[in-house]
Amino acid sequence: ASSDESPARQVSVNYADLDLNTADGVTQLKARIKTAASAACGGEPRGVDPTERAIFKSCRNVAYRGAYGKIVVPGRDMGVQAAVNTVVVPSHPDN
């Protein structure tokens, strides 16, 4: 494999310390997932190549939505109990 090819990465996000019953807790969780999604997708591109930036942005958005969708958030997921306090954020397979 060339140096430009890298295996799919995943980053774990622990949120046991957050209270997802509060807007602040949910906001902090979203920020953690966005940071993890960026890392899983190889980090923000340093160059200005629009194609590279678009690929990164797509990967980050797909990874973020996939991870956030796995989390039980009070108010959004009424009556569902969370079993874990960690989510794994994988990179998008097309990245």
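Below you will find a few notes about this structure. (Residues numbered from 1 in each chain as written. Predicted model: local features only at pLDDT ≥ 70, side-chain atom pairs only at ≥ 80, totals over all residues. Heavy atoms only, no water.)

**A word on the overall build of the protein chain**
In step 1: Each helix and strand in the protein chain was counted, giving 2 helices and 2 strands.
In step 2: Of the regular secondary structure in the protein chain, the N- to C-terminal order runs β-α-α-β.
In step 3: Looking at the protein chain as a whole, 28% of its 95 residues qualify as buried.
In step 4: Carbon and sulfur atoms form 52% of the exposed surface of the protein chain, whose accessible area is close to 6,200 Å². (Helix = DSSP H or I, 4+ residues; strand = E, 2+ residues; numbered from the N terminus. Buried < 20%, exposed > 50% of the residue type's maximum accessible area, 1.4 Å probe, protein only. Areas by Shrake-Rupley, 256 points an atom, 1.4 Å probe, with all protein chains shown as cover.)

**Here we look at the nonpolar core**
In step 1: Core analysis: the largest hydrophobic core is formed by 12 residues, namely Val-13, Tyr-15, Leu-18, Leu-20, Val-26, Leu-29, Ile-33, Ala-36, Ala-67, Tyr-68, Ile-71 and Val-73.
In step 2: Listing elements by their share of this core, those giving two or more residues are helix H1 (23-40) and helix H2 (50-69).
In step 3: Residues in contact with Val-26, not counting those within four places in the same chain, are Asp-19, Leu-20, Tyr-68 and Val-73.
In step 4: In this structure, Cys-41, Phe-56, Cys-59 and Ala-63 belong to the second largest nonpolar core, which totals 5 residues. (Core = buried A, V, L, I, M, F, W, Y, C linked by side-chain atoms within 4.5 Å. Contact = heavy atoms within 4.5 Å.)

**Some points on the pattern of salt bridges**
In step 1: All told, the structure shown has 3 salt bridges when counted by the stated rule.
In step 2: Here Arg-53 makes a salt bridge to Glu-44, at a shortest N to O gap of 2.9 Å.
In step 3: The salt bridge partner of Glu-44 is Arg-60, with a shortest N-O separation of 3.8 Å. Here Glu-44, found in the loop between H1 and H2, pairs with Arg-60, found in helix H2; they are 16 residues apart in sequence, far enough to count as distant.
In step 4: Given a relative accessible area of 47%, Glu-44 falls into the partly exposed group.
In step 5: Salt bridges here are not isolated pairs; linked through shared partners, they connect Glu-44, Arg-53 and Arg-60. (Salt bridge = Lys/Arg side-chain N within 4 Å of Asp/Glu carboxyl O.)

**Notes on the packing of H1 against H2**
In step 1: At their nearest, the axes of H1 and H2 sit 9 Å apart, and the two run at 135° to each other. Overall, the two elements H1 and H2 adopt an arrangement that is oblique. In this structure, H1 crosses over H2, and the sense of that crossing is right-handed. Taking contact as the criterion, the partners of Val-26, Leu-29, Lys-30, Ile-33, Lys-34, Ala-37 and Ser-38 in H1 are, on H2, Phe-56, Arg-60, Ala-63, Tyr-64, Ala-67 and Tyr-68.
In step 2: For the contact of H1 with H2, the residue count by class is 9 nonpolar, 1 polar and 3 charged. (Axes fitted to C-alpha atoms, helices over the stretch in contact; angles between N-to-C directions. Parallel < 35°, antiparallel > 145°, perpendicular 65-115°, else oblique. Left-handed = near helix turned anticlockwise from the far one by under 90°. Nonpolar A, V, L, I, M, F, W, Y, C, P; charged D, E, K, R; others polar.)

**Considering the side chain of Arg-60**
In step 1: Judged by relative accessible area, Arg-60 falls into the buried class, the value being 13%.
In step 2: Setting aside its immediate chain neighbours within four residues, Arg-60 contacts Lys-34, Ala-37, Ser-38, Cys-41 and Glu-44.

**Quick look at H1**
In step 1: The terminal C-alpha atoms of H1, which comprises 18 residues, lie 25 Å apart, in line with the 26 Å expected from a rise of 1.5 Å per residue.
In step 2: When H1 is considered as a whole, its buried residues turn out to be Gly-25, Val-26, Leu-29, Ile-33, Ala-36, Ala-37, Ser-38 and Ala-40. (Expected span 1.5 Å × (residues − 1).)

**Some remarks on the side chain of Ser-38**
In step 1: Examined against the element boundaries, Ser-38 turns out to sit in helix H1.
In step 2: On the basis of relative accessible area, Ser-38 is assigned to the buried category, the value being 16%.

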